[in-house]
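Here's the letter readout for the chains.
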Amino acid sequence: MADNARAKRLADLIREVVAKKLQRGIKDPRLGSHVTITDTRVTGDLREATVFYTVYGDDEQRAEAAAGLESAKGVLRSAVGAAAGVKFTPTLTFVADALPDTAKTIEDLLDKARAKDAQVREVSAGAAFAGDADPYKKPDEDDDASDDESVGDETGGDAAK
């Protein structure tokens, strides 16, 4: 079993080689400039590599790009083998990256939260407090003065007796 650093280096090399080959070496019109390699992961035994990609376009272009990558898998694996110089060239599996969809979902949720915050801000703009502005009870100065006098009267009464 290889160490994690070696698997990471091989994954980085595979990502670079596949991206360059897609950009310059493959003439498939389905794999135009709208395919981007986002990440690559290699198993610990360096036998299998998963290449994550995104496609700029609609669902039809994504399907065409997936078919194009599947048909170019052999050429891309050969290029990786020539560049890597390892005993066994890893098999390539292409997976559409879910990151853009996840980011869009998060952005939509944040937009909803901003709209709700704005709505709450509008409703509370002219509102007043239900009770006092300061809900915490504080002792009044008058209460402190009357407490001191009553204490003095009790002690003064004891002294007179």
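Above: the structure in question.
Since the model is a prediction, treat every value here as computed from it, not as a measurement.

Engineer: Explain the overall build of the protein chain to me, using residue names and the numbers behind them.
Structural biologist: From N to C terminus, the protein chain includes 5 helices and 3 strands. In sequence order, the secondary structure elements of the protein chain are arranged as α-β-β-α-α-β-α-α. Across the protein chain, every contact between residues at least 6 apart in sequence was considered, and the portion connecting residues at least 24 apart equals 61%.

Engineer: So what's going on with the packing of aromatic side chains? Residues and values would help.
Structural biologist: Taken as a whole and assessed by the stated rule, the structure comprises 0 aromatic pairs. One cation-aromatic arrangement involves arginine 47 over phenylalanine 88; the distance from NZ or CZ to the ring centre is 4.2 Å. In this arrangement the basic side chain of arginine 77 is found over the ring face of phenylalanine 88, its NZ or CZ atom lying 5.5 Å from the centre.

Engineer: Explain unusual backbone geometry to me, and be specific about the residues and the numbers.
Structural biologist: You will see that leucine 46, though not glycine, has its phi angle at about 60°, which is positive. Within the secondary structure, leucine 46 is located in the loop between strand 1 (35-42) and strand 2 (48-55).

Engineer: Would you mind going over the side chain of threonine 40 in detail, with residue names and values included?
Structural biologist: Following the sequence through the fold, threonine 40 ends up in strand 1. With relative accessibility at 5%, the residue threonine 40 sits in the buried group. Apart from the residues lying within four places of it in its own chain, the contact partners of threonine 40 are Ala11, Ile14, Arg15, Thr50 and Val51.

Engineer: Tell me what's going on with the sheet that holds strand 2, and back it up with residues and numbers.
Structural biologist: With mixed pairing, the 3 strands of this open sheet are ordered in space as 1-2-3. The open sheet has two free edges, formed respectively by strand 1 and strand 3 (91-96), since each of these has just one partner strand. Averaged over all adjacent pairs, the angle separating strand axes in this sheet is 25°, with direction ignored. Bridge count between strand 1 and strand 2: 7 bridges; the pairing is antiparallel. Pairing of threonine 40 across the sheet is with valine 51, part of strand 2.

Engineer: So what about the environment of glycine 25? Which residues, and what values?
Structural biologist: Topologically, glycine 25 is positioned in helix 1 (residues 4-25). Sequence spacing of glycine 25 and valine 75 is 50 residues, and the spatial spacing of their C-alpha atoms is 9.3 Å.

Engineer: How would you sum up the pairing of strand 2? Please name residues and give values.
Structural biologist: Along strand 2, 6 of the 8 residues are buried, which leaves the element largely enclosed by surrounding structure. In textbook terms, the turn of a hairpin is the stretch between consecutive antiparallel strands, and for strand 1 and strand 2 this stretch comprises 5 residues, one of which, leucine 46, has a positive phi near 60°. Note that strand 2 and strand 3 share 6 bridges and pair parallel. Across the sheet, residue tyrosine 53 finds its bridge partner in strand 3, namely alanine 96.

Engineer: Explain the pattern of salt bridges to me, using residue names and the numbers behind them.
Structural biologist: Following the criterion strictly, the structure yields 7 salt bridges and no others. Here arginine 41 and aspartate 39 are joined by a salt bridge, their closest N and O atoms 3.3 Å apart. Judged by relative accessible area, which is 51%, arginine 41 ranks as exposed. What makes aspartate 39 partly exposed here is its relative accessible area of 23%. A salt bridge links aspartate 108 to lysine 104; the shortest N-O distance between them is 3.6 Å. Here lysine 104 and aspartate 108 lie together in helix 4 (residues 99-123), a separation of 4 residues that amounts to about one turn.

What counts and how
Residues numbered from 1 in each chain as written. Predicted model: local features only at pLDDT ≥ 70, side-chain atom pairs only at ≥ 80, totals over all residues. Heavy atoms only, no water. Helix = DSSP H or I, 4+ residues; strand = E, 2+ residues; numbered from the N terminus. Contact = heavy atoms within 4.5 Å. Phe/Tyr/Trp six-rings, centres within 6.5 Å; stacked < 30°, edge-to-face > 60°. Lys NZ or Arg CZ within 6 Å of the ring centre and 35° of its normal. Buried < 20%, exposed > 50% of the residue type's maximum accessible area, 1.4 Å probe, protein only. Pairing = 2+ DSSP bridges. Axes fitted to C-alpha atoms, helices over the stretch in contact; angles between N-to-C directions. Salt bridge = Lys/Arg side-chain N within 4 Å of Asp/Glu carboxyl O.

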